Structures are given as structure tokens and as C-alpha cells.
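Examining the three-dimensional arrangement
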Amino acid sequence: MTRFTLTRRALGATGLAVLARPAFAQAAPIRIGELNSYSRMAAFAVPYRNAMQLAQDTINAAGGVMGGRRIEFVFRDDGSTPGDAVRVAEELLTRENVAFLAGTFLSNVGLAVADFANQRKRLFLATEPLTDAITMAQGNRYTWRVRPSTFMQTKMLVEAIRGRSAKRWAIVAPNYEYGQSAAANFKRLLPTAIPGAEIVAEQFPALGRVDAGATVGALGQSRPDGIFNVLFGPDLTAFVREGNTRGLFERRTVVSLLTGEPEYMIPLGEETPEGWIVTGYPWDQVESPPAHKAFVDAYRARVNDTPRLGSVLGYVTVQIIATLLNKANSLDNEALVDALADLRTDTIVGPVTMRGIDHQGTLGAWVGETTLRGRQGTMKNFRYADGADYMFPEEEVRAARRSA
């Protein structure tokens, strides 16, 4: 098993790292195409890219992969639309001669690139798109996903409200693949945690164009005991501000995907609501494994900023890719795909395995509650939920992928 280190001092203490390798051979670098929503989703994607570059340089400084070859990421904006993303993916393969593809943010974009990769028979490591379809109903041999899916993260949140008294629930989610997938999972899982619970209202505003007043008003009129929120980014900020003003969240249980991530918590500032149950990343409170602290120190020294959840995902992705290349010892895409099956990597957040049956990584998420510390939101009462404990049952995976 290959491990990667941030510094010589951290080697052995952090669990990050790389055994000594020979000096670089005079071989061309291994080029990997990374496409993402760097313009539209910069709050997440830019820290993600920063961490990928940090991991790339760390691994190359330690001797590279496959016996001494450097890795080199070629970054491109995917345009945040399926059509643009497929065009960029084609250019990365044909003009930039990358070995394979990684990335994407939006779920509909990820699905489009996954279909393209399947047609071209080239590996695509989907990092951020969360829709279940990418590894289930529309899964294919060449597409694998790193981050926990909507099913996995929703299951983590539903587990956190098990046994609560809230029976009447409202849902608000962006009206595209990710939001629809999360809403469907919440409806499926809620009765397992709160018997007799019902959905009394649903709002699906267009991504990036939420009418906060109308949305908050409609949810309030349904008189829910609890709210499941899937909005993120500027939509989340507008929703929270309007909800706080109108008292929507008072004496109600609020469960919210992604809201504890610094990307979305920082813009909320003093408006951060108290006690929402969220998935997120309390970067300054994570004490284990020691590799995480070494990563935070190295990231802050390089970028002069604090890490985001995107930073963690970017670094972990490069660690997985390096482990993959060392195991496969080949750039043949069939060999790479075969090597990914049940590949385990020791990462800055602990071991992550790419489960062979559905091509889903076991990367987890931190689950806890929002709170205000000074003038900035953070998380309290959190724990790291290992993704391996929240995967789809294997029989369900077989049925979904058989019909794909």
C-alpha cells in the first residue's frame, strides 16, 4: 500500500506517506485531465484545485509514481453545462493527450461526462457530482466516484434525527439532478428514522435563482415540524437570511446537506442559524488522523488561507490517483479500471476504498450541528461518519446496475 507525505518531518507520524523512490527517469509526465466549474462554483472548485496542486507537487517531490514519473494535472473549466463539459472532455483527450479524466461539480454535468467516458472507454474519476445515478442506474465500467453520494449523506443526516418527534416535514431543494436525488432519498429514509413522518410541502427553486421570499413563505404556510434543506451557495445564503427574518426556523428541526462546509458557512457569517443538523467540515477541530493536521498546515502555508471541504476532496483525489497508478503500473485504461476495484488508499482523513461493485468511494463526511463562534459559523457536536457504513445495499446495486 502506497502512502504520501507532506514533509519529511511528517513521514511516519502522519500516515500520509511515500516510501523513498528513485530519482525521476527521463520519462514524460503522466497528464490527467481535470474539468470543473471553476467559474460558477469557485468557492468550492478553487480550493479544490489548490489542494490538487499541493498534492501533485508533494507526490512529485517524493519521487512521483510508477517508479519515478511525475503527475501533471491539466485543469479546464467545464462551463457548468453538459454540452460544454463534453466538449472540454473531448479536447482534453485529443488535444492535451491526457491519460484519463477527473472532476466535475454539478450532477447533470457529471452524468454527461460519465456517458462520454463510457462511449470513449476512458476512465473518469468523478469527484464532486453527488447524484446516485452516476454509480447506480446510469453507472458504467469507466466511471467511479470519490465523494459520498446524496444517498450516503442523506442517510447520515436521517440517522442523526432518529427518534425525534417532528412528524411534518417540508423539503426545499434546487431543481436539478442533485436536488431531486437528495429529496427522493430523504422521502425514502425518513420513515425508517421517524415512523409516521410525512412530507407536507416541497419547493424546488431553480439553481442560482431562488426567490427566497416566496420559498420561505410557502414553507411556512405548510406548518412543518422539520425542514430538509438541500440549497447551497448563494441560494442558501438568501434562504437563511429570509428564513431568519421571518422566523421560519424557530422551534423547528432543520436538517441540511452540505451547510457545514466552510464554502457555504463563511458567507453566512453572523447569520449562521443555531442547531441545524448538517454535513460539513470543521477543519480546525478535526484531530484525527494526524495526517489531517499536517495537510492543514501545508495548505495554509501554501495558499495563505484556511482549507475548505473542496480542499480535502482535491487532496484525497490525488492520493487515490497516485495509489491507482502505482498499483496498475500502466496507463492502459482497462488496466486502470481493473486496478480501481476495491483499491484502498490511506488518505489525510483515513482509509478510502473504491468499492468494486458500484464504483463508489467510502470517503465519509462530518455530521454535526451549526453554531456561531464569535462572528462566524462553525460546527459543534460533530463526528466523522465513515462512508463505508452508508453505502447502498449490494443487492440494490446489482439490480440498479443490471438495468443500466
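Not measured: the values here are computed from a predicted model.

**Digging into the sheet that holds strand β7 (residues 198-203)**
- The seven strands are arranged β7-β6-β8-β9-β10-β14-β15 in an open sheet whose pairing can be described as mixed. Looking at the sheet topology across the chains shown, the edges are occupied by β7 and β15 (376-385). Strand-to-strand twist across the sheet, computed as the mean angle between neighbouring axes with direction ignored, equals 25 degrees.
- In the packing of helix α5 (residues 177-193) onto the sheet, the strands contacted are β6 (168-172), β7, β8 (226-229) and β9 (253-260), and the crossing angle to β6 comes to about 165 degrees.

**Some details on the domain arrangement of the protein chain**
- Under the domain assignment used here, the protein chain contains domain 1 (28-149 + 288-363) and domain 2 (151-285 + 365-390).
- The gap between the C-alpha centroids of domain 1 and domain 2 is 27 Å.
- With 31 residues of domain 1 at the contact, the number on the domain 2 side is 24 residues.
- On the surface where domain 1 and domain 2 come into contact, there are one salt bridge.

**Focus on the pattern of salt bridges**
- One pass over the structure, following the stated rule, counts 26 salt bridges.
- Between Glu-96 and Arg-76 there is a salt bridge, with the nearest N and O atoms lying 2.7 Å from each other. Pair noted here: Glu-96 is in the loop between α2 (82-94) and β3 (101-103) and Arg-76 is in strand β2 (residues 71-77), with a separation of 20 residues, a long-range link.
- When the shortest N-O distance is used, the salt bridge between Glu-271 and Arg-241 registers 2.9 Å.

**Quick notes on the pairing of β7**
- Relative to β7, β6 runs parallel, the two being bridged by five bridges. Within β7, the residue paired with Trp-169 across the bridge is Ile-199.
- Each parallel crossover has a hand, and the one from β6 via α5 to β7 is right-handed.

**Side note on the nonpolar core**
- With 134 residues, the main nonpolar core has Leu-101, Trp-169, Phe-228, Phe-239, Tyr-281, Phe-295 and Leu-325 as its most contacted residues.
- Ranked by the residues each element gives to this core, the list is headed by helix α10 (residues 309-328), at 12 residues.
- When residues of this core are assigned to domains, at least three fall in each of domain 1 (28-149 + 288-363) and domain 2 (151-285 + 365-390).

**Some details on unusual backbone geometry**
- At the junction of Ser-288 and Pro-289, the peptide bond is cis and its omega measures out at 0 degrees in the coordinates.
- In this structure, Pro-289 sits in the loop between β10 (277-280) and α9 (290-303).
- The backbone of Asn-329 sits at a positive phi, close to 50 degrees, despite the residue not being glycine.
- Considering the arrangement of structural elements, one finds Asn-329 in the loop between α10 and α11 (333-340).
- Not every positive phi belongs to a glycine, and Asp-342 is a case in point at roughly 60 degrees.
- In this fold, Asp-342 is placed in the loop between α11 and β11 (343-347).

Here is what the cut-offs are and how they apply
All chains use their own residue numbering, which begins from 1 and follows the written sequence. Whole-chain, interface and lining totals are the exception, using all residues; otherwise, since this is a predicted model, local features are given only for residues with pLDDT of at least 70 and side-chain atom pairs are given and counted only at 80 or more. Side-chain metrics in this entry use all non-hydrogen atoms of the structure; hydrogen atoms and water are not considered. Only when DSSP finds a minimum of two bridges between them are two strands counted as paired. The numbering of helices and of strands both runs from the N terminus, where a helix is a DSSP run of H or I of at least 4 residues and a strand a run of E of at least 2. Angular values range over 0 to 180 degrees, each being the angle between N-to-C directions of two axes fitted as lines to C-alpha atoms, with helices fitted over their stretch in contact. Any two residues whose heavy atoms approach within 4.5 Å at even a single point are treated as in contact. For every domain, the bounds stem from an assignment made automatically or drawn from a database. The rule for a salt bridge is simple: a side-chain nitrogen of Lys or Arg has to be within 4 Å of a carboxyl oxygen of Asp or Glu. By convention, orient the strands away from the viewer: a clockwise path from the first strand over the helix to the second makes the crossover right-handed. Here, the term nonpolar core denotes a set of buried Ala, Val, Leu, Ile, Met, Phe, Trp, Tyr and Cys residues that are joined through side-chain atoms within 4.5 Å. Relative accessibility thresholds used throughout: buried, under 20% of the residue-type maximum; exposed, over 50%; partly exposed, between the two (1.4 Å probe, protein chains only).

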